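Here is what each chain is made of, one letter per residue.
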Amino acid sequence: MLCLRPIDAPPRDATGKLTRSMRSAFNCTRWPWRSALSAFLIALLLALAGASAAGQESTPAPLLLADLPQGQSLVGSMGVLADPGGNLDLEQVRSAAVDARFSYPQQALRVAPDEAVRWFKITLQQTGTGGNWVLVVPSVAANDLRFFGPFDSSGQALAEPVIAGLDHPYSSRIFASERFMFRVQLPHSGVYTLYLRIASSTSQVYAMTVWDAGRLLVASQTKRLFDGVCYGILLGMLVYNLALLFVFRDRTSLYYLLSCAAALLAVAGFNGHVAHYLLGEYPPWVKFSLVALPAIWIALGALFASSFLDLARYAPRIDKLNRALSALAGGAVLLSLVGLFELAWRVVELVAVAGTVTALAGAVLALRSGFKPAVWYLYGQAALFAAVVAVVLTNRGVLQWPFVQGSGLQIGVVLETVVFAVAMASRIRLMQAQQTELKLRAVELATAAETDPLTGLANRNGLVRHATALLQGDTPLALLLLDLDHFKPINDQHGHAAGDRVLVETASRLKRQLRPGDVIARIGGDEFVVLLHQSHPSATVRAIADRLLQAIAQPITLSGVAVQVTGSLGVAMYPASGHSLSDLLRAADSAMYQIKQGQHAGVAFAG
């Protein structure tokens, strides 16, 4: 999982630059992991380059206010002053000496987690009268924001200072907005100056915008509708995952369910809805949630990756590293719990990047080892990476996609979750196929264990299984024990291969004389057992036995020489002769022995 601080869209015109190249960068179906890795490297390099120096200009002319559909970006028109110790006050900032220290970056200002205070100076020019504007700070996670102004050309403040931020109750925000907003009411035409003091312990991208109040209200409703759709999708995935967990009850389904729940909460935290609807009057818990929820999501995502990709099997070392990173993300939760938010956020960012690299490497190894669902895992990560890249490029001004800047990460999370649902379905199909294969293999092995390999008849194990099923009730049945006569001389004179041919032919002749439900088995060298599964009078059983002896007594040609075998057959009736297979075999063997003693083929019934 990759985590990025959410921001809202600055007012830029959508030109569609790089759309085709961005699409082709991720459109790789033959080698999907390459697309995922390429997207990750782009995102990583751009993120690392985010702290590079932006172009600076001298003090720009005041921004001419206009009612634009996406608001007006203040990037390039906004002065920035770092105050590491937080010692400057408003009067000092407005002094000529300090005012000269403001710089005007030409890109959105990206700052790493720190406790430094930053002052922003904004100069606006209104041509009409009665302007009702709103300054929007694209953040839901700044600790303390103080808005001063507007000041008219004579330096007179037209409104009282406004204080907001995570250090203050949610009720302090105007418009009850998740993002930080400040009302800018300008009574007449002229040039006005605004000052904003911001302190934050989490990563921020400062790309402020100024909106007409009515226009902003419409845009906010559209954003709320979009957020509702995203939450609906994530909730649907939760229900789907819950069903999977109830059906399969395996660890992967549990991790997927928990990961989706954490993703939903993390997105709600990014959007400011956790602060708005759940923890608004408890500022310390809001700050905790903004770090802890992404950390929990990353930790569970790492565990899901290890379990789904079966890294313990395909990449044991990566599995250990992945689980260690999950534990480290859990450590970030503890750090935020004790108030070390800056350190906790740095740990979260480190684990996000390292965990993504390890999970991708594990997915590639699993895919190369034949685990096909890993390709869907790579697609899911690629979707998130594409969103991250789009957000970073928009932040840096390469792309003009304002909506992506505010909702790109959210889109990536939703896409990743949906693709992971497809990945889970692919895994389920693979598991079902493997289970079917195992069952078929088990049946084959069981059949082989109960089958005589020479004749294809049941062996002693098969006879036991069939007899156990047949000897459950009181329905009479007959057991016939057949021993071939004159078989040894055939082996001695013609060889064992000829003897095997005689046994195979004998088995075939016996099967042709029996009904499909009867059981025939070879339990020794030249011994056969027949179980007649339905009740028969003794006369009928004798007739069947005589027919069997006549069938095997027909000559068999071996290499042009006709040979003949006969048989001695003993019959035992169930339940008269016994109640178990062993009892019936002993009774039939005793009857057959009487035939052998008489030194002639025939049938004898157990007494």
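Each residue is numbered by its place in its chain's sequence as written, counting from 1. Restriction of local features to residues with pLDDT of at least 70 applies here, the model being predicted, together with a cutoff of 80 or more for giving and counting side-chain atom pairs; totals for whole chains, interfaces and linings are based on all residues. The basis for every side-chain value is the complete set of heavy atoms in the structure, and neither hydrogens nor water enter the calculation.

**Concerning the packing of aromatic side chains**
Within a pair of aromatic rings, the relevant descriptors are the distance that separates the centres and the angle that separates the planes. Selection rule: To pair, rings of Phe, Tyr and Trp, with the six-membered ring standing in for Trp, must have centres within 6.5 Å; the planes then decide the type, stacked if under 30 degrees apart, edge-to-face if over 60, and tilted in the middle. Helical segments are the DSSP runs of H or I of at least four residues, strand segments are the runs of E of at least two, and each set is numbered from the N terminus. Each residue's exposure class comes from its accessible area (1.4 Å probe, protein chains only) as a fraction of the maximum for that residue type: buried when under 20%, exposed when over 50%, partly exposed otherwise. Here, over-ring charges are defined by two tests on the NZ atom of lysine or the CZ atom of arginine: distance to the ring centre within 6 Å, and angle to the ring normal within 35 degrees.
Across all of its chains, the model carries 13 aromatic pairs by this definition. Taking 6.3 Å as the distance between ring centres and 25 degrees as the angle between the ring planes, the aromatic pair formed by Phe308 and Tyr377 counts as stacked. Of this pair, Phe308 sits in helix α8 (residues 283–308) while Tyr377 sits in helix α12 (residues 374–395), placing them 69 residues apart in sequence. For the residue pair Phe308 and Tyr377, the accessibility class agrees, reading buried in each case. Feature note: the residues Tyr256, Phe304, Phe308, Tyr314, Phe371, Tyr377 and Phe420 constitute an aromatic cluster, connected by ring pairs. In this structure, Arg94 packs its charged tip against the face of Phe151, placed 4.0 Å from the ring centre.

**A short note on the sheet that holds strand β17 (residues 527–532)**
Just so we agree on the cut-off: Two strands pair under a simple rule: DSSP has to find at least two bridges between them. Every angle, taken between N-to-C directions, lies between 0 and 180 degrees, and every axis is a line fitted to C-alpha atoms, over only the stretch in contact when it is a helix. We call two residues contacting when some pair of their heavy atoms lies within 4.5 Å.
Overall, mixed pairing links the five strands, which are arranged β16-β17-β15-β20-β21 in an open sheet. The open sheet has two edge strands, β16 (519–522) and β21 (602–605), and neither has a second partner. Along the sheet, successive strands turn relative to each other by an average axial angle of 20 degrees, direction set aside. Here strand β20 (residues 566–574) runs beside β21; their pairing, made up of four bridges, is parallel. Across the sheet, the residue bridging to Val571 is Phe605, located in β21. Running over the sheet, helix α17 (residues 538–552) touches β15 (477–485), β17, β20 and β21 and is turned about 150 degrees from β21.

**Some points on the confidence of the model for the protein chain**
The condition that has to hold: pLDDT is defined as a per-residue confidence score from the predictor, taking values between 0 and 100.
Per-chain confidence: the protein chain averages 83 in pLDDT, with 87% of residues scoring 70 or above. Scored below 50 in pLDDT, residues 1–37 makes 97 contacts in the model with residues more than four places away or belonging to other chains.

**Structural notes on the sheet that holds strand β8 (residues 131–137)**
Strand order across the open sheet formed by four strands is β3-β14-β8-β11, with antiparallel pairing between neighbours. Strands at the two margins of the open sheet, each flanked by one partner only, are β3 (72–73) and β11 (180–186). Both β8 and strand β14 (residues 209–212) contribute to a ladder of four bridges, which runs antiparallel. Following the sheet pairing, Trp133 is matched in β14 by Asp212. Across the sheet, helix α5 (residues 213–248) touches β8, β11 and β14, and the angle it forms with β14 is around 100 degrees.

**Re the nonpolar core**
Soluble globular proteins tend to pack their nonpolar side chains together in the buried interior. Here is the rule we go by: As used here, the term nonpolar core means buried Ala, Val, Leu, Ile, Met, Phe, Trp, Tyr and Cys residues forming a set that is joined through side-chain atoms within 4.5 Å.
Residues Tyr256, Phe304, Phe308, Leu309, Phe371 and Tyr377 are the most contacted members of the largest nonpolar core, which totals 53 residues. Looking at this core, the elements with two or more residues in it are α5, α6 (251–270), α8, α9 (311–314), α11 (341–368), α12 and α13 (402–449). Ranked by the residues each element gives to this core, the list is headed by α6, at 11 residues. Excluding residues that lie within four positions of it along the chain, Tyr256 makes contacts with Met237, Tyr240, Asn241, Phe304, Thr417, Phe420, Ala421 and Met424.

**Notes on the environment of Glu349**
In this structure, Glu349 sits in helix α11. Since its relative accessible area comes to 29%, Glu349 is described here as partly exposed. Taking the C-alpha atoms as reference, Glu349 lies 9.6 Å from Pro294; in sequence the two are 55 residues apart.

**Observations regarding the pairing of β11**
Two faces, one strand: in a regular strand the side chains alternate between the faces of the sheet. Among the seven residues of β11, five are classified as buried, and the element is accordingly described as predominantly covered. Summarising the sheet, β8 and β11 pair through seven bridges and their orientation is antiparallel. Bridge pairing in β11 places Trp133 opposite Val184.

**Remarks on a nonpolar patch on the surface**
This is how the line gets drawn: What goes into a patch is any residue over 30% in relative accessible area without a salt bridge, connected to like charges within 9 Å or, for nonpolar side chains (Val, Leu, Ile, Met, Phe, Trp, Tyr), within 5 Å. Accessible surface is estimated by sampling points in the Shrake-Rupley manner with a 1.4 Å probe; for residues, cover comes only from the protein chains shown. Whenever a carboxyl oxygen of Asp or Glu lies within 4 Å of a side-chain nitrogen of Lys or Arg, that contact is scored as a salt bridge.
Residues Tyr282, Trp285, Leu334, Leu337, Val338, Leu340 and Leu343 make up a contiguous nonpolar surface patch of roughly 750 Å² in combined accessible area. Within the secondary structure, Leu340 sits in the loop between α10 (316–337) and α11. What makes Leu340 partly exposed here is its relative accessible area of 41%.

**Considering the side chain of Ser201**
Which entries qualify depends on this criterion: Residues adjacent in sequence count toward polar contacts only when both atoms are side-chain atoms; beyond that, a polar contact is any pair of N or O atoms within 3.5 Å, and within protein one must be able to donate a hydrogen and the other to accept it.
Along the chain, Ser201 turns up in the loop between β12 (190–199) and β13 (204–206). Looking at Ser201, its side chain comes within polar contact range of the side chain of Asn143, at 3.3 Å.

**Side note on unusual backbone geometry**
With an omega dihedral of 0 degrees, the bond running from Gly149 to Pro150 counts as a cis peptide bond. Inspection of the secondary structure assignment puts Pro150 in strand β9 (residues 144–151). In this chain, Tyr574 is followed by Pro575 through a cis amide linkage whose omega measures 10 degrees. Among the secondary structure elements, Pro575 is positioned in the loop between β20 and α18 (581–598). Residues other than glycine seldom take positive phi values, yet Arg249 does so here, at roughly 50 degrees. Within the fold, Arg249 resides in the loop between α5 and α6. Owing to a relative accessible area of 63%, Arg249 belongs among the exposed residues under this scheme. If you check the backbone angles, His486 has positive phi at about 65 degrees while not being a glycine. Within the secondary structure, His486 sits in the loop between β15 and α15 (487–494).

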